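Architecture at a glance
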Amino acid sequence: MYKIISGKAAVYINYGEKNEYLLGILSEQQCFGELGILCHQPSIYTVVAV
């Protein structure tokens, strides 16, 4: 699990492909990756710093 301390991050599905889709933008104090911890599954999305 990761917490954004400063800045923003974009959350994508199919990042870098023709059909990439922006799910949203995360900002300071938001977290991501917690489902992977709980479900023991790899993430279906890619998070990129913006």
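What counts and how
Residues numbered from 1 in each chain as written. Predicted model: local features only at pLDDT ≥ 70, side-chain atom pairs only at ≥ 80, totals over all residues. Heavy atoms only, no water. Helix = DSSP H or I, 4+ residues; strand = E, 2+ residues; numbered from the N terminus. Contact = heavy atoms within 4.5 Å. Buried < 20%, exposed > 50% of the residue type's maximum accessible area, 1.4 Å probe, protein only. Disulfide = S-S within 2.5 Å. Phe/Tyr/Trp six-rings, centres within 6.5 Å; stacked < 30°, edge-to-face > 60°.

Relative to the helices and strands, Ile-5 resides in the loop between strand 1 (2-3) and strand 2 (9-13). Counting along the chain gives 23 residues from Ile-5 to Glu-28, while the straight-line C-alpha distance between them is 5.3 Å. Among residues more than four places away in sequence, those in contact with Ile-5 are Glu-28 and Gln-29.

Of note in this structure, Asn-14 is not a glycine but carries a positive phi near 60 degrees. On the accessibility criterion, Asn-14 (31% relative accessible area) is partly exposed. One non-glycine residue, Gln-29, adopts positive backbone phi at about 75 degrees. Looking at where Gln-29 falls in the secondary structure, it is placed in the loop between strand 3 (21-26) and strand 4 (31-32). Residue class for Gln-29 comes out partly exposed when judged on its relative accessible area of 48%.

What follows deals with the state of the cysteines. Counting across every chain of the model gives 0 disulfides. For Cys-39, which is in no disulfide, the shortest distance to another cysteine sulfur is to Cys-31 and amounts to 16 Å.

Across all of its chains, the model carries 2 aromatic pairs by this definition. Ring geometry for Tyr-2 and Phe-32: centres 5.4 Å apart, planes at 25 degrees, overall stacked. Here the residue Tyr-2 occupies a position in strand 1, and Phe-32 occupies one in strand 4, the gap between them amounting to 30 residues. For Tyr-2, a relative accessible area of 55% gives the class exposed. Here Tyr-12 and Tyr-15 contribute two aromatic rings whose centre-to-centre distance is 5.0 Å and whose plane-to-plane angle is 50 degrees, an arrangement assigned as tilted. The class of Tyr-15 is partly exposed, set by a relative accessible area of 42%.

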